[in-house]
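Close look at the chain arrangement
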Amino acid sequence: MGEHLPAALLEACVVVGASSEKLRELYQSWQQSPVSNGVPVTLEPEVLHVLAPPFVSKLHTDSELVRSHGRRRRSFIRKKREHLSSITAATAQGRTGAEQRGSDDVTVPKDIDLVALPQLCFPDGLQVMSEPREEQFHFLVFTDVFGNKTFSVVMQCYKAVVDDLSQYPNQNGSVCPKVFSAFSFCVISKYPFFTALKDSLSCFLPQLRSCRVSDLEDRVKEFAAKLALVPAPPPGHLHLMFSLRPLTITLPSGEDRDSPTVDLQLHLPLLCFTPHQLLQVLSCLLQEQRVVLFSADWARLTLVAECLLLFLWPLSWQHPYVPVLARSMLDFLMAPTAFLMGCHISHFEEVASETDDLVLINLDNGSVSTSSSETVDLPEIPQSAAECFTQRCQSLQTQFDLSQCHSPSWTDINEHRAQRRTWQQNLNHDIQKITLELIVNIFRDVCSHLNYEHRVFNSAEFLKTREPNEQLFYTKVLETHIFHSFLKDRLNKKMDSFARMELSTRSETQKMKAKVELPRRPTMQEIQARRRSSVSDHHLKRQGMSLPNLSDHQSFQRNNLLHKINTDLVVFKTPPKPAKIFKLPDFPASLSFHSVQSYYMEIIQQLNKAIFSVQHENSALLARFYYLRGLINTLCSRRLDALSDFQSLCKTDTAIFPTPLVTWLVDSLHRDERQQADRRPELKRLILKVKTENEKTLNPGNDHVKKFELPRKPLSLEEFVRCVQECGIVKDVATIHRLFGALTDGQSKHVDPDLFRDFYTFWKETEAEAQDVNLPSDVIDQLDNSECVYKLSSCVKTSHGVGKIAMTQKRLFLLPEGRANFLEITKFRDIQEVKVSSAPVLLLRIPSLRIKCSSRPEVFEANLKTETELWNLIVKEMWTGRKMADQHKDPQYMNQALTNVLLMDAVVGSLQTQKSISAASKLAYFDKLYHDVPMMVPKVTSETLKHKINPSQDLPEPQTVHVLLYTPGQLTCSDSGSEMNPKLWVALSGGRVVVFDATSWSILQDCIMVGESQLNCMLGLVQEQVWIGSVDSVIYIIDTHSMSCNKQLTEHRHEVTGLAVDTREHKSQVTYSCSCDGTILLWDSLSLKVKRQFYLSCSRLSSIQIHDGSLWCGCVDSIVELKKSGTPQRRIVLPDDVRSSNFSCFIVMLEQGQLWTGCADSGDLFVFSINNRRSSKRITLSGSSGVKCMIQVKNQIWVGCRADSGGDGDGQGRGQVMVLDSETHEVDKELQAHTDSTQTLCSAEDRYVLSGSSKGDGKIAIWKVE
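Here the structure is a predicted model, which is why all the values come from computation and not from measurement.

Within the protein chain, the regular secondary structure consists of 37 helices and 56 strands. For the protein chain, with 1266 residues in total, the buried portion stands at 57%. Carbon together with sulfur atoms contributes 48% to the accessible area of the protein chain, which is approximately 54,100 Å² in total.

On to the pattern of salt bridges. For the structure on display, the rule yields 37 salt bridges. A salt bridge links glutamate 479 to lysine 707, with the shortest nitrogen-to-oxygen separation between them at 2.7 Å. Of this pair, glutamate 479 sits in the loop between helix H15 (471-477) and helix H16 (481-491) while lysine 707 sits in strand S20 (residues 706-707), and the two are 228 residues apart along the sequence. Residue glutamate 479 is classed as exposed on the basis of its relative accessible area of 53%. Overlapping salt bridges, with partners in common, bring together Glu787, Arg811, Glu824 and Lys827 in one network.

Now for the sheet that holds strand S29 (residues 945-949). Spatially, the 4 strands line up as an open sheet ordered S29-S56-S55-S54, and their pairing is antiparallel. Sheet topology places S29 and strand S54 (1238-1244) at the edges, where each strand pairs with a single neighbour. Direction aside, neighbouring strands of the sheet carry axes that sit 20° apart on average. Relative to strand S55 (residues 1248-1253), S54 is paired through 6 bridges, and the arrangement is antiparallel. Residue pairing across strands places leucine 1241 opposite serine 1251, the latter belonging to S55.

Spatially, S50-S51-S52-S53 is the arrangement adopted by the 4 strands of the open sheet, whose pairing is antiparallel. The two strands at the open ends of the sheet, each matched to only one other strand, are strand S50 (1184-1193) and strand S53 (1227-1234). With strand direction ignored, the average angle separating the axes of adjacent strands in the sheet is 25°. By the bridge criterion, 7 bridges tie strand S51 (residues 1196-1203) to strand S52 (residues 1215-1221) in an arrangement that is antiparallel. Across the sheet, the residue bridging to isoleucine 1197 is leucine 1220, located in S52.

Bringing the packing of helix H24 (residues 619-635) against helix H25 (residues 639-652) into the picture now. Here H24 crosses H25 at 165°, and the two axes come no closer than 8 Å. Between H24 and H25, the angle falls in the class roughly antiparallel. The handedness of the crossing between H24 and H25 comes out as left-handed. Residue-level inspection shows Ser619, Leu622, Ala623, Tyr626, Tyr627, Arg629, Gly630, Leu631, Asn633 and Thr634 of H24 in contact with H25, the latter providing Asp641, Ala642, Asp645, Phe646, Ser648, Leu649 and Thr652. Its residues assigned to classes, the contact of H24 with H25 shows 8 nonpolar, 6 polar and 3 charged.

Here the focus is the packing of aromatic side chains. Using the criterion set out here, one finds 27 aromatic pairs in the structure. Note on phenylalanine 294 and phenylalanine 348: the rings are 4.8 Å apart at their centroids and 65° apart in plane angle, and the pair reads as edge-to-face. Of this pair, phenylalanine 294 sits in strand S12 (residues 290-295) while phenylalanine 348 sits in helix H10 (residues 348-354), placing them 54 residues apart in sequence. The same class applies to phenylalanine 294 as to phenylalanine 348, namely buried. Between tyrosine 627 and phenylalanine 646 the ring centres are 6.2 Å apart and the planes differ by 70°, which places this aromatic pair in the edge-to-face class. Highlighted residues: tyrosine 627 in helix H24 and phenylalanine 646 in helix H25, separated in sequence by 19 residues. Of the residues examined, tyrosine 627 reaches a relative accessible area of 14% and is grouped as buried. When its relative accessible area of 0% is taken as the criterion, phenylalanine 646 is described as buried. Site record: aromatic cluster; members linked through ring pairs are Phe443, Phe457, Phe462, Phe473, Tyr474, Phe483, Phe486 and Phe498. The aromatic ring of phenylalanine 137 is capped on one face by lysine 198, whose charged end is 5.7 Å from the ring centroid. The ring of tyrosine 925 is capped by arginine 738, whose NZ or CZ atom sits 4.0 Å from the centre of that ring.

Time to look at the side chain of glutamine 471. Inspection of the secondary structure assignment puts glutamine 471 in helix H15. Classification of glutamine 471 by relative accessible area gives buried; the value is 14%. Here the side chain of glutamine 471 touches arginine 466 through a polar contact of 3.2 Å, landing on its backbone oxygen.

Right, let's get into the environment of isoleucine 1038. Tracing the backbone shows isoleucine 1038 in strand S36 (residues 1035-1039). Along the primary structure isoleucine 1038 and tryptophan 1027 are separated by 11 residues, whereas in three dimensions their C-alpha atoms are 6.6 Å apart. Leaving out residues up to four positions away in the same chain, isoleucine 1038 has contacts with Trp985, Val993, Ile1008, Val1010, Glu1024, Gln1025, Val1026, Ile1028, Met1043, Ser1044 and Cys1045.

Let's shift gears to helix H29 (residues 717-726). Listed as buried for H29 are Phe720, Val721, Cys723, Val724, Gln725 and Glu726. Of the residues trailing H29, glycine 728 is marked for its positive phi of about 80°.

What follows covers the nonpolar core. Among the nonpolar cores identified, the biggest contains 202 residues, and Phe185, Phe242, Ile381 and Phe443 are the most heavily contacted of them. With 11 residues, helix H9 (residues 298-311) is the single largest residue contributor to this core. Among all residues touching phenylalanine 242, those that are not within four sequence positions of it are Leu9, Ser200, Leu227, Val230, Leu247, Thr248, Ile249, Leu251, Leu584 and Phe587. With 65 residues, the next largest nonpolar core counts Phe720, Cys727, Ile851 and Phe860 among its residues.

Helix length check: helix H33 (residues 868-888), at 21 residues, gives a terminal C-alpha distance of 30 Å against a target of 30 Å (1.5 Å per residue), a fit within 8%. Judged by how many residues are buried, H33 sits mostly within the fold: 17 of 21 residues are covered. Lysine 889 lies just past H33 and shows a positive phi near 55°.

Another aspect to go through is the pairing of strand S47 (residues 1154-1159). Successive side chains on a regular strand alternate, one facing one side of the sheet and the next facing the other. Counted residue by residue, S47 has 6 buried out of 6 residues, so it is predominantly covered. Burial along S47 is two-sided: the residues Gln1154, Trp1156 and Gly1158 and Leu1155, Thr1157 and Cys1159 are all buried. Judged from the 6 bridges that link them, strand S46 (residues 1143-1149) and S47 form a sheet pairing that is antiparallel. Residue cysteine 1145 lies in a different strand from S47, and its bridge partner there is glycine 1158.

The next thing to look at is unusual backbone geometry. Look at the link from arginine 245 to proline 246: it is a cis peptide, with omega at 10°. Residue placement: proline 246 occurs in the loop between strand S10 (238-244) and strand S11 (247-251). Between tryptophan 313 and proline 314 the backbone carries a cis peptide bond, its omega angle lying at 10°. The residue proline 314 is located in the loop between H9 and strand S13 (321-322) in this model. Non-glycine residue lysine 493 carries a positive phi angle of around 55°. With respect to the helices and strands, the residue lysine 493 is situated in the loop between H16 and helix H17 (497-504).

Glancing now at the packing of helix H11 (residues 383-394) against helix H13 (residues 413-443). Contact geometry for H11 and H13: axes closest at 9 Å, N-to-C directions at 170°. Accordingly, the angle class assigned to the pair H11 and H13 is roughly antiparallel. Across from Ala385, Cys388, Phe389, Arg392 and Cys393 in H11, the residues of H13 making contact are Ile434, Thr435, Glu437, Leu438, Asn441 and Ile442. Residue classes in the contact of H11 with H13 are distributed as 7 nonpolar, 2 polar and 2 charged.

Here we come to the state of the cysteines. Under the counting rule described, the total for this entry stands at 0 disulfides. Take cysteine 157: it sits in no disulfide, and the sulfur closest to it among the cysteines is that of cysteine 211, at 8.4 Å. According to the relative accessible area criterion, cysteine 157 is buried, its value standing at 3%.

What follows concerns the confidence of the model for the protein chain. Considering every residue of the protein chain, the mean pLDDT works out to 81; 84% of them sit at 70 or more. Mean pLDDT across the secondary structure elements of the protein chain bottoms out at helix H3 (residues 89-93), with 31, and peaks at H9, with 95. Taken as a whole, residues 164-168 scores under 50 in pLDDT and shows 15 contacts with residues more than four places along the chain or in a different chain. In the predicted structure, residues 1207-1211 sits below a pLDDT of 50 and forms 1 contact with residues beyond four places in sequence or in another chain.

Of all 10 residues that make up S50, 7 are buried, and the element is covered over most of its length. Note that S50 and S51 share 8 bridges and pair antiparallel. Across the sheet, isoleucine 1191 pairs through a bridge with tryptophan 1198, a residue of S51.

Right, let's get into the environment of isoleucine 1008. Tracing the sequence through the fold places isoleucine 1008 in strand S33 (residues 1002-1009). Spatially, the C-alpha atoms of isoleucine 1008 and lysine 493 are 10.0 Å apart, while their sequence positions differ by 515 residues. When sequence neighbours within four positions are dropped, the list of residues in contact with isoleucine 1008 reads Trp985, Gly991, Arg992, Val993, Val995, Ile1038, Met1043 and Cys1045.

Parameters at a glance
Residues numbered from 1 in each chain as written. Predicted model: local features only at pLDDT ≥ 70, side-chain atom pairs only at ≥ 80, totals over all residues. Heavy atoms only, no water. Helix = DSSP H or I, 4+ residues; strand = E, 2+ residues; numbered from the N terminus. Buried < 20%, exposed > 50% of the residue type's maximum accessible area, 1.4 Å probe, protein only. Areas by Shrake-Rupley, 256 points an atom, 1.4 Å probe, with all protein chains shown as cover. Salt bridge = Lys/Arg side-chain N within 4 Å of Asp/Glu carboxyl O. Pairing = 2+ DSSP bridges. Axes fitted to C-alpha atoms, helices over the stretch in contact; angles between N-to-C directions. Parallel < 35°, antiparallel > 145°, perpendicular 65-115°, else oblique. Left-handed = near helix turned anticlockwise from the far one by under 90°. Contact = heavy atoms within 4.5 Å. Nonpolar A, V, L, I, M, F, W, Y, C, P; charged D, E, K, R; others polar. Phe/Tyr/Trp six-rings, centres within 6.5 Å; stacked < 30°, edge-to-face > 60°. Lys NZ or Arg CZ within 6 Å of the ring centre and 35° of its normal. Polar contact = N/O pair within 3.5 Å; in protein donor to acceptor, adjacent residues only side chain to side chain. Core = buried A, V, L, I, M, F, W, Y, C linked by side-chain atoms within 4.5 Å. Expected span 1.5 Å × (residues − 1). Disulfide = S-S within 2.5 Å. pLDDT = per-residue confidence, 0-100.

Take a look at the structure:
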């Protein structure tokens, strides 16, 4: 568990140099041979000192146990040695007993390899000479077998190791030579704080210059002990600062938990390479080549290598990574696997001549070559992404001095450093945006070829959508480990920087396609864009692009980056969020145990003040302060206080909750501490949460990635469903079941693999043919931008001449033979009749299709011959789909009809038998439904219904809509500087929340996960928050600006069933929540603290409402009004004759003095008089078997019901919405809302009412309010 303890800035400090024996021998040889005096000599470096925490000297203290017992360490046995200064008598007399032992055990952190460290600290070799050299820095990165990195900053300096003896003459009478030996001081950290550690060593350098070698270990230990007191900053916008005279040093934090920490100059590669060369380097890394960096500067190697890997983020390098290779390690370059390594420029010719297939990158002159050629013959990054990247890079200002020409000179070095740091952070932010945009533009379309349910990536289809000159690049990249890891994150729907940028930079076409699940076709707008981009005719005439085995044919539907990439620099260059800096107190003068504890207590006191100052203003910053205080309390062994701090993260930011550390704290609690924790409800709940999460980690979810492969054995129904979903043809399970019936024709329980291959091939051929349609410009101008050609007939004779019939999702039109014009046959909504006829041709009668429409008097007739029956099915299905879509105000009907049509076409094409039309007719779902069971929508319903939306459109099956919440635009961030639209929040099964833009009804977020349980209630607050109560007893809080769930309220012990807010207190927003056991909590919505708690005795508390300051509670057996003190003021129960029913919902109308109630198992409403508590009226809702929900809108009562199934026999009642007049108590409207029971209702500013249904329907109806 040691790796889960709070890591400090310093992991260890290692001193490397020459052994005293070798230095003594060298000194003696120089004395005896004056000729060789002063000639540099290279010696073998060795580890001299290893200094690692804990540095406190008090034994058996809790603090020491926390830092030492928790760390896994191994023993390093130092060689028996003497300090070089023991040559002098004075130093010999001062030698301690510990230094005179035969061996010395030094504990070393487990991740540090002391065997290779000396060579890496002196990659050019350790030199001893007669004159000192200037100090030099370089940087190291160690990677273990699990990919975990450890970072190091190395400072080399020269010290006079025999200064005392060098002043005396030798035997020849000459003065003894001075001996200067190189020492390396290696500071090792778990974090890539390259600049901070370099600054720290620079501050330590004056002490090293002045101290004697005999005092070296003590000075280094004191320096290391100070750095070990500095905690690492939590992820987020809080940086730490500490003073190490004469500098103040800043530790930057990562943007979030998944983002890397950046503490270096990201523009270094831009100074080494042109944008084109940099793209070549990144392309080599993406293709996992064997890459070697060269430079005469050892420090440059690691810094540039780290920048390059950061440029690939969120893709992560998976292969060996050694940015600095010592001379003795050059054989590493013979490794057969991909790698990224660096070595000195002096080895360039040797490496190039002796090793094949290497990419050689010279950082000093910016050249990129291979070991066999001066050029790199590798596929380049796609052109459009590369051009955008180049344009962005040219807009960067990479010279600090140019930006400061107008500024005065600095008289304080720390002010100058602060100004330079701010400039560098802004530049780093811009560079990270640019490189992230490059990765997004390269891999944007990957997500379109993923099947999340079965974790499948259809790489073959993805490749076919790439441009011809991009094929080789993607072919290589898709086979890499780096891409495979990236795919796992996409399949896990990880909301990282890639996902956020991909969403925010989608084109309008991509947003439109995200609204509906349709087979991919180019729209008219895309065809026009392709023509404007001057695509050659050669590319326009490709055929058979989607055949699995036609590798020489290319795809016409390519990535279209030319219009996907937004090169608007004004939009792109958003400034980074300002970071708060927390300054640590000065280091203690003494490093005794009590001094260190006092230092930690001083940090806690400063954090207490910081927490108090921001507790009502910035919850994200408050979370970071809690996190830091929890770390310090852990180091002080104040375990309960630490757990309390980490528990506070649930209310401030759960994204940074340190589960491993909290688990270790819980496991390390003493018996008395555990008893105290059990007496504190919040800690008891935290311990239970940690235990539950650890049990989940013992059974990790499926993390594999599959490639789609055509089946090789007969498919059962279940296997067929999986296979169809994997290949991306259709997701809907019910549709796939009908397709299975069509392919088997009801005769078999399995689909033959050859038949499935034929079906799949024909589906893709049809897709290719539709995309290859080269429509004349006049035709495109007369079609809507969103229209796509989905089917094209052969050239046939029609009543309007010879030509081809084309079908879009809206209409049929004729492309006359030999003429570049357009003749509309009909729109689907204008069709009145479709039938098969026969036309006389000579002595034969040719089958023809006759279409009568309202837009023109004459009947259109086409001699489609053998295609007639299929086109008859197709046109009828599209016609009925359009009628049902118009009647139900639901575009999903039309989309489903279009899918059915394309499946029919593929079935006929793959079967090619006499029964193929009969089989295809099984997919004519809407035509059959419309004629077998007429679904005429009542006039009142049609007039009131505005629209329908489907929150489950990306799921295989519909989900129950449990709760709806509408939030007006003003509830969103007002100071963000941008207009925020109102939103509709939809709670589906399993903790899934979908968010719609309530102006366009398009999906903004298709999945925000809030736990895994059913969600019961939602509430919008002015603090940019949406509260959601769950069956798992947690109240989840979603930030409406970031669209993330980062806070939790865990005070309830049972299922949360209701939320309410007192709108009279607009600023304070007093909020109530209730759970099914009768517990009611009063919250301060700013601090998220419980102000009051009281308990209502009832069988089940299901909802609460606030009216005029009174709290009304809906229980299954009664409706109770509570005073502010929590004392019941009145209780209303059902009449005796229906006492067995249970209340399901209620409405309080204080002005009318009425209480409206509904029951889940009764079709009656009961209206009570509030004053005399008696039932004033029973309202029977005709045809209803139960009331699920009620809301008041203006002077109307909207009631969501479950219709009586009657004799249907399916046991599933249809969803009704009854609209009653609140004054007359009469039913004004009876709306046929859904095909399953109405589950929830909500109002949108009294203009619309929205109803959500159970999973048999799963849709949301939007109703107009009169």
